[in-house]
Amino acid sequence: LEKELVIAIDGPAGAGKSTVARIIADKLGYVYIDTGAMYRALTLKALNNNIALESEKELSKLAHNTDIRLAKQGENNIVLLDNKNVTTEIRSNQVSNNVSLVAKVAQVREEMVSLQRQMAKSGKVVMDGRDIGTVVLPNADVKIFLTASVEERSERRYQELISKGEEVDLEQIKTEIIRRDEIDQNREVSPLVEAEDAIRVDTTKLDINQVVQNIISICQEV
Ligand code: CDP
Ligand code: CDP
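Residues numbered from 1 in each chain as written. Chains lettered and ligands numbered in written order. Predicted model: local features only at pLDDT ≥ 70, side-chain atom pairs only at ≥ 80, totals over all residues. Heavy atoms only, no water.

Looking up the protein in an unreviewed UniProt entry gives the name Cytidylate kinase, with the organism given as Orenia marismortui. Its UniProt record gives the protein the following Subcellular location (unreviewed entry) comment, quoted word for word: "Cytoplasm". (UniProt positions renumbered as here; feature names shortened; annotations may be inferred.)

Okay, structure coming up:
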């Protein structure tokens, strides 16, 4: 690449954001920032502490009093919640099914967005999420909106959970993904919407490698 870039990748659940963002960051020698992992970590803490997910006040307080960090451990990206490694735990179905309720709270988002902007300050980053191109990094050099049909996204998530040995039902996963997207798209603060200047990439019929090549080509043109 001719220039050091800030790359924003947004889109709904299962579009392939984190998979391709991680590979692109590795290829370019950039830092990968998984913003969904931050909301997931906070959700895990709320669940573990029996905090009422309807209480915006409780969740805001929790966000303010929680230390969430993304770090590298050798080759791996890890998530630290109050200094504890929760990388695996935050991917559970229970966290997936509750995270949107935590992520719609305005003060929770304020805390997370401010951390995310700090992490992106030095450039050479690939950040993925829902509001990166619209809110977190509106001046990003490259904005990608990754999508795929809901059937394909559900199938991907299903395969992923099956391979981890979780007992799951495809139709149920689909229902949960639709519900989560709906909450993300309709919340008042920073909803999931395509930025006006984003490039849309439909991954329904593409494999991971094709998506990566596609985005790298877009970056090379910048
Ligand atoms: O990997 P998956 O697409 O299932 O989810 P994720 O990227 O880990 O994000 C989990 C949830 O966090 C999303 O459904 C959103 O509710 C929330 N999120 C958000 O609100 N804003 C972001 N920038 C990233 C995630
Ligand atoms: O982060 P997001 O929720 O957008 O999706 P992901 O967790 O990166 O991807 C969900 C699953 O789809 C992963 O198991 C990927 O290996 C798989 N997948 C993909 O990401 N892209 C494709 N073109 C095909 C499959």
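From this point, things continue past the structure.
(A) View of the side chain of R130. Among the secondary structure elements, R130 is positioned in the loop between β6 (125-129) and α6 (132-136). On the accessibility criterion, R130 (15% relative accessible area) is buried. Looking at R130, its side chain comes within polar contact range of the main-chain oxygen of G11, at 3.4 Å. Those residues in contact with R130, other than ones at most four positions away along the chain, are D10, G11, P12, A13, K17, R180, D184, R187, P191, L192 and V193. (Helix = DSSP H or I, 4+ residues; strand = E, 2+ residues; numbered from the N terminus. Buried < 20%, exposed > 50% of the residue type's maximum accessible area, 1.4 Å probe, protein only. Polar contact = N/O pair within 3.5 Å; in protein donor to acceptor, adjacent residues only side chain to side chain. Contact = heavy atoms within 4.5 Å.)

(B) Molecular detail of the UniProt feature "binding site: ATP" (unreviewed entry) in the protein. UniProt annotation of "binding site: ATP" (unreviewed entry) refers to G11, P12, A13, G14, A15, G16, K17, S18 and T19 when read in the numbering used here. You can see G11 is positioned in the loop between β1 (6-10) and α1 (17-28). Judged by its relative accessible area of 0%, G11 is buried. Setting aside residues up to four positions removed in sequence, G11 forms contacts with K17, G129, R130, F145, L146 and L192. Note on placement: A15 falls in the loop between β1 and α1. Setting aside anything within four residues of it in sequence, one finds A15 in contact with L146, T147, R153, R156 and T203.

(C) Structural detail: the site of ligand 1. What surrounds ligand 1 is a group of 20 residues, the closest being R40, R109, R157, R180 and D184. Between T35 and ligand 1, the recorded distance is 3.0 Å, taken from a side-chain N or O atom to a nitrogen atom. A distance of 3.0 Å separates an oxygen atom of ligand 1 from a polar side-chain atom of R130. Computed on the free molecule, ligand 1 has an accessible area of 530 Å², of which 97% lies beneath the protein chains in the complex. When contributions to the shell around ligand 1 are tallied by element, the ones reaching two or more residues are α2 (35-48), α4 (93-103) and α8 (170-186). (Near = heavy atom within 4 Å. Areas by Shrake-Rupley, 256 points an atom, 1.4 Å probe, with all protein chains shown as cover.)

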